[in-house]
Amino acid sequence: MHSVSDLTTFARKTLGDVPPRLVGASTAIVGDHVYLFGGRLVTERRMVSDMYVFNLKTFVWTKVDNSGDPHLPGPRYFHSMDLWNNYLVVFGGMGYKAGALTVDDYCVLDDVRYYDIAQKCWLAHTATTDASIPFIPRARYAHLSSVSGARLFVIGGQDLSNVWLDDIHVFDLHLQQWVHRRAYPRHCGTYRSVAVASPWRVRNPQEEDVHLPGNAGTRFRSPNAQLPPGEAPCTSPASMVHLPYSAAPTPEFPNEILLYSNYNFTDVKRELEIFTPIPDEDEFAINDRSASMGGNALPPGLRFPTGAVLGNHLILAGTYLASSYQSFSIWALDLATMQWSRIDPGSTLASGSWCRALLWEASNKFVIFGNRNGSLVDDYNRRLLTWDHIAYIDLEAFGIYQPPQLTLDIAAQELGLAAFEERIFADFEIICDDERRIPCSRRMLEERWPWFREQRTLYLTAATEALKAVSPPGTSVPLSLPDGAGPPDGGVEARPDPRLTPRTLKMAEPYPVVLAFVQYMYAQALITPLQHAPAVLSALLVLSSTYDLPHLQSLVVHAMHRALSAATSVGVYEVATLCNCQSLQIRALKVVMSSSRRPGGRSRQDRSDPSGRGGSRLQDSNGHARPRGMSESVRPLGGGGGLGGQSRVVNGG
């Protein structure tokens, strides 16, 4: 019998120019591709400088033909490779001595090499071996590396005699020179440690003073202006909900490097330190968070760990070997609570040899290369890396994902909401299913709602043709299409949605849902309490799917993940299934099953709730259903059917 965890992971056989089994090769993900460079062939004990590229969508390996590249680096293994801008940056490793006669004439390297991804070529090497230049590191292999901003951090490693090199070096990737060195009191290397950073910072507006100054309702109107009869008060900044979001790093919020180490595997010691670059300096601060880590279970000793940072989580993976049990183990550390949890990939990784894990950030997936038919212990003992199969783990199904980015900054979001609530440039109305009208700006809808823009274009085109048909020859028709819109494509005649008129659009949704939808259009965010009501979120997810609004969908899914609980899990599962949000669907299903196994399960009231939203609906003073967070002043939904009207949304009538 399969478990829910089996839904989170699948494996595929790789195709094309599959790389041979290698020792000490380095990998990096660029967009939807994995780049593999170097390593040592197992059968011939010979190091190579081959480059392979793997397409994560088609499962195909391609070997790069670099035979004519005059700047091709020498063969090496146990080097490092990091992505910076559009370059792969390779440092160090073990290679061959100049003029080596046998495959055992080793040396360690200290060069920094750039591979131009767009041009598919290596850049000329700029030597930095002059001992008079400060901060140049000793040659090393099996070290750690990570990029923060335009700085490459090289941490630890070993020399040719396998002596630990306990220091940290910083390389300026723009200037192409070493700019800092710092002694480090611990041993670090690929066998026991991993250093990772994210190209994004997750920022929490609730911890920053980012609100628009001034009082609600006075952004555009006079402070003494009276509200029109029946108009609800404007949303106050104190009641707004700003969820964490992803942003590019800044000097004030730089990329931090997380260094995790584990050792003494019979009695595992775990250490976590965070390197924070100091603005306008080559220095960095080190914050030891080892004592803060906790959880119901902690990671075992992992050999050759790999990792990544996704959202607010550190992902850790590696080979776990015990006398009676061996596995490729995956763990996640919530960086907000500092609590560890295990990522259960189900039966997919239960057998075979899995060795190299990477983060596919664009899809919130963790990918692992290996061989489904191999032996984990045998391959570990020989340090083998195999590339015959790949497993994909859906991290979002575990609540681990990169939060959406902002399209407008916080102040602009609040200003947009104020423009809507204060009825600025309101020349259009949306009519809800109970005939209530919401004034708004037609121009704003055209710019931010592609479906509306298309329907307006169809409507004006049809109106223009009708006027031409009844006008005398040579008479100009004074109708213009929305800015940037062209005439409809040829072929089958397209007709405008019959719900659209020159001044109104009828929508089949209840007033609270349409209100929340228009609030999003103005703010390009979900910031009002109404928008975060569970039932309203469900309806907004349906609208985002119906009208193909991926940004709205990403915001709603983000809000649903944040608010997911036993009380809301059934409703979230249903709407996620309807809208094909598979990751959210799986996570909601896990919450449903987890809550059903608890003593007592759901309450009688929950079980009798026909909406299946488990407490996401309230009753107004007349006994009508209304979404949580809705004001008593909002009239009950038509027909007493709650927000069920969401299922009546149609695209194009």
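See the structure above.
Below, the structure is looked at part by part. Note that the coordinates shown come from a computational prediction; the quantities given were computed from them, not determined experimentally. (Residues numbered from 1 in each chain as written. Predicted model: local features only at pLDDT ≥ 70, side-chain atom pairs only at ≥ 80, totals over all residues. Heavy atoms only, no water.)

Looking at the pattern of salt bridges
Two side chains of opposite charge can pair, provided their charged atoms sit close to one another. This model, assessed by the stated rule, comprises 21 salt bridges. Its salt-bridge partner being Asp 32, residue Lys 57 comes within 3.2 Å of it at the nearest N-O pair. Taken as a pair, Lys 57 in the loop between β7 (51–55) and β8 (60–63) and Asp 32 in the loop between β4 (26–30) and β5 (33–37) lie far apart in primary sequence, 25 residues in all. Residue Lys 57 is classed as exposed on the basis of its relative accessible area, which comes to 56%. A residue is classified by how much of its surface remains accessible, and Asp 32, at 23% relative accessible area, is partly exposed. (Salt bridge = Lys/Arg side-chain N within 4 Å of Asp/Glu carboxyl O. Helix = DSSP H or I, 4+ residues; strand = E, 2+ residues; numbered from the N terminus. Buried < 20%, exposed > 50% of the residue type's maximum accessible area, 1.4 Å probe, protein only.)

Here we look at the packing of aromatic side chains
In the structure shown here, the tally under the stated rule is 35 aromatic pairs. Taken together, a centroid distance of 5.9 Å and an interplanar angle of 75° make the contact between Phe 59 and Tyr 392 edge-to-face. Of the two residues, Phe 59 is situated in the loop between β7 and β8 and Tyr 392 in strand β32 (residues 389–394); the sequence distance between them amounts to 333 residues. For Tyr 392, a relative accessible area of 2% corresponds to the buried category. Relative to Trp 178, the ring of Phe 91 has its centre 5.5 Å away and its plane inclined at 75°; by these criteria the two rings are edge-to-face. Of the two residues, Phe 91 sits in strand β11 (residues 87–91) while Trp 178 sits in strand β19 (residues 177–183), which places them 87 residues apart along the sequence. Judged by its relative accessible area of 0%, Phe 91 is buried. Clustering of aromatic rings is evident, with ring pairs tying together Phe 428, Trp 449, Trp 451, Phe 452, Phe 517 and Tyr 547. The side chain of Arg 182 reaches across the aromatic face of Phe 284, ending 4.9 Å from its centre. (Phe/Tyr/Trp six-rings, centres within 6.5 Å; stacked < 30°, edge-to-face > 60°. Lys NZ or Arg CZ within 6 Å of the ring centre and 35° of its normal.)

Describing the sheet that holds strand β12 (residues 94–96)
Strand order in the open sheet made by the 3 strands is β9-β12-β13, with antiparallel pairing throughout. The open sheet has two edge strands, β9 (76–77) and β13 (106–108), and neither has a second partner. (Pairing = 2+ DSSP bridges.)

Quick look at the sheet that holds β32
With antiparallel pairing, 4 strands are arranged side by side in an open sheet as β1-β32-β31-β30. The open sheet has two edge strands, β1 (9–13) and β30 (353–360), and neither has a second partner. On average, each strand axis in the sheet is inclined to that of its neighbour by 25°, with strand direction left out of account. Taken together, the 7 bridges between β30 and strand β31 (residues 365–371) define a ladder with antiparallel strand orientation. Bridging from a neighbouring strand, Ser 353 pairs with Asn 371 of β31. (Axes fitted to C-alpha atoms, helices over the stretch in contact; angles between N-to-C directions.)

Focus: helix α5 (residues 511–523)
If you check α5, its first and last C-alpha atoms are 18 Å apart, about what 13 residues at 1.5 Å a residue would give, namely 18 Å. In terms of burial, α5 is a largely internal element, 13 of the 13 residues being buried. Phi for Gln 524, located one or two positions after α5, is positive at around 55°. (Expected span 1.5 Å × (residues − 1).)

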